[in-house]
Amino acid sequence: MILGLLAVIFAAVFLTVFILAKQKKVFINKWFVNEENSTIGVDVSAYQADIDMNVLKAQNIEFIYIKATEGSTHKDSRFAENWKNAEEAGLPSGAYHFFSYDSEGKTQAENFIEQVGPDLKGRLLPVVDVEYYGDKEENPPEKEDVVRELRAYVERIEQEYGVKPMIYTRSDVYDKYLKGEFDEYRKWMSSLYTPLSWNYRDDWYIWQYLNRGELKGYSGGETYIDLNVLNKTKKLEDLLVN
């Protein structure tokens, strides 16, 4: 009797949490990531303002991705400082570009190259962030246009650095634009409210599991920092540019 009642209560609680997670009202991913026994990293931009890379590293942060550019003209104001400080702290680091649906892929790649410079040796693979912004989720761009311009972007990056960039995205954007088109590129997947395995089955290298992380070592107006975990079947060394 008691065991049956407890089972009903447990099922009701689980169902409630599941529904709230699907509605993006609770964060449950930390229950599914063993942070002490995983390779954890962060991604940052000017929003985190002054960042002490040594303090981040001391909190078991093992890699960092730094925003470099967005679209064809925007350059992150903190990139150069973060890029230099990460290297000096011995924190494996890579640069990422936020992809715009509103400008040409090749000019976006040139913006990234101008900001980051010609040499990525010893750094993590460059990343292109492909997601919805503004009203794009309600008014999604045509697949043909996205594939064409994103291909122009990644091909220019590969031409410059001799490596294929990694693609950051989320499962719905992946299904709509990337699946079957960019399968040869490593994936960094975002799933913030539910475990990645609940909505994505293909290969991945990094999972962004939380955008509400709170660490010491940054002092901008942004309270939170994004947390990421490396796939346990992968090695961070696999992402280094030789």
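Residues numbered from 1 in each chain as written. Predicted model: local features only at pLDDT ≥ 70, side-chain atom pairs only at ≥ 80, totals over all residues. Heavy atoms only, no water.

Visitor: Just give me the short version of the layout of surface pockets, but keep the residues and values in it.
Guide: The volume enclosed by the largest pocket comes to roughly 920 Å³. Around the largest pocket, the lining is made up of 34 residues, and of these Y168, S190, L192, Q208 and N211 lie nearest the centre. Here the residues of the lining of the largest pocket sort into 13 nonpolar, 10 polar and 11 charged. In this structure, the second largest pocket occupies an estimated 220 Å³ of space. Of the residues contributing to the lining of the second largest pocket, the split by class is 9 nonpolar, 4 polar and 1 charged. (1 Å grid on protein atoms, 1.4 Å probe; cavity = no way out; pocket = protein on both sides within 12 Å on 5 of 7 lines; lining within 4 Å. Points joined across faces, edges and corners; volume = space filled by probe spheres on them. Nonpolar A, V, L, I, M, F, W, Y, C, P; charged D, E, K, R; others polar.)

Visitor: Break down the packing of helix 5 (residues 143–161) against helix 6 (residues 171–178) for me, with residues and values.
Guide: In a packed pair of helices, the relevant descriptors are the angle between the two axes and the axis-to-axis distance. Running from N to C, helix 5 and helix 6 point in directions that differ by 90 degrees, and their axes come no closer than 9 Å. Accordingly, the angle class assigned to the pair helix 5 and helix 6 is roughly perpendicular. On helix 6, the residues touching K143, V146, V147 and L150 of helix 5 are K176, Y177 and L178. (Axes fitted to C-alpha atoms, helices over the stretch in contact; angles between N-to-C directions. Helix = DSSP H or I, 4+ residues; strand = E, 2+ residues; numbered from the N terminus. Parallel < 35°, antiparallel > 145°, perpendicular 65-115°, else oblique. Contact = heavy atoms within 4.5 Å.)

Visitor: Could you give an account of the packing of aromatic side chains, with specific residues and numbers?
Guide: All told, the structure shown has 14 aromatic pairs when counted by the stated rule. With centroids separated by 6.0 Å and ring planes inclined at 80 degrees, the aromatic side chains of F99 and Y101 adopt a geometry described as edge-to-face. Per residue, the accessibility class of F99 equals that of Y101, and both read buried. Ring centres 6.3 Å apart and planes at 80 degrees place the aromatic pair F99 and Y153 in the edge-to-face group. With F99 in the loop between strand 4 (93–98) and helix 4 (105–116) and Y153 in helix 5, this pair connects stretches of sequence that are 54 residues apart. Cation over ring: R123 sits above W83, and NZ or CZ is 3.8 Å from the ring centre. Taking the ring centre of Y205 as reference, the NZ or CZ of R186 above it sits at 5.2 Å. (Phe/Tyr/Trp six-rings, centres within 6.5 Å; stacked < 30°, edge-to-face > 60°. Buried < 20%, exposed > 50% of the residue type's maximum accessible area, 1.4 Å probe, protein only. Lys NZ or Arg CZ within 6 Å of the ring centre and 35° of its normal.)

Visitor: Let's hear about the pattern of salt bridges: which residues, and what values?
Guide: Scanning the entire structure with this criterion turns up 18 salt bridges. The partner of R78 in a salt bridge is E81, with the nearest N and O atoms 3.3 Å apart. With a shortest N-O distance of 2.6 Å, R156 and E110 are connected by a salt bridge. In this pair, R156 is assigned in helix 5 and E110 in helix 4, connecting sequence segments 46 residues apart. Assessed through its relative accessible area of 31%, E110 is described here as partly exposed. (Salt bridge = Lys/Arg side-chain N within 4 Å of Asp/Glu carboxyl O.)

Visitor: How would you sum up a nonpolar patch on the surface? Please name residues and give values.
Guide: Together, W31, F32 and W198 give the surface a local cluster of nonpolar side chains, amounting to about 370 Å² of exposed area. Structurally, F32 can be placed in the loop between helix 1 (2–22) and strand 1 (40–44). (Patch = residues over 30% accessible without salt bridge, like charges linked within 9 Å, V, L, I, M, F, W, Y side chains within 5 Å. Areas by Shrake-Rupley, 256 points an atom, 1.4 Å probe, with all protein chains shown as cover.)

Visitor: I'd like to hear about the side chain of S100, residue by residue, with values.
Guide: Mapped onto the fold, S100 is located in the loop between strand 4 and helix 4. A distance of 3.0 Å separates a polar side-chain atom of S100 from the backbone nitrogen of D102. A distance of 3.4 Å separates a polar atom in the side chain of S100 from a polar atom in the side chain of Y133. Dropping the residues within four chain positions of it, S100 is found in contact with G71, Q108 and Y133. (Polar contact = N/O pair within 3.5 Å; in protein donor to acceptor, adjacent residues only side chain to side chain.)

Visitor: How would you sum up the pairing of strand 8 (residues 206–213)? Please name residues and give values.
Guide: Of all 8 residues making up strand 8, 6 are buried, and the element is well covered by its neighbours. One ladder, built from 3 bridges, connects strand 7 (residues 187–190) with strand 8; its direction is parallel. Looking at the pairing, M189 lines up with W207 of strand 8. Note: strand 8 against strand 9 (residues 225–230), 5 bridges, orientation antiparallel. Paired with L210 across the strands is L227, a residue of strand 9. (Pairing = 2+ DSSP bridges.)

Visitor: Before we move on, could you go through the packing of helix 4 against helix 5 and cite the residues and values that matter?
Guide: Packing of helix 4 against helix 5 leaves a shortest axis separation of 7 Å and a crossing angle of 35 degrees. Our pair here, helix 4 against helix 5, has a crossing hand that is right-handed. Counting all contacts with helix 4, which are made through G105, K106, Q108, A109, E110, F112, I113 and V116, the residues of helix 5 involved are E149, A152, Y153, R156, I157, E160 and Y161. Residues of the contact of helix 4 with helix 5, tallied by class, amount to 8 nonpolar, 2 polar and 5 charged. (Left-handed = near helix turned anticlockwise from the far one by under 90°.)

Visitor: Please set out helix 6 residue by residue, giving values where relevant.
Guide: For helix 6, the set of buried residues is S171, V173, Y174, Y177 and L178. Relative to the axis of helix 6, the buried residues are bounded by an arc of 155 degrees and lie together on one face. Contacts from the buried residues of helix 6 go to helix 5, strand 6 (166–170) and strand 7. (Arc of directions from axis to C-beta.)

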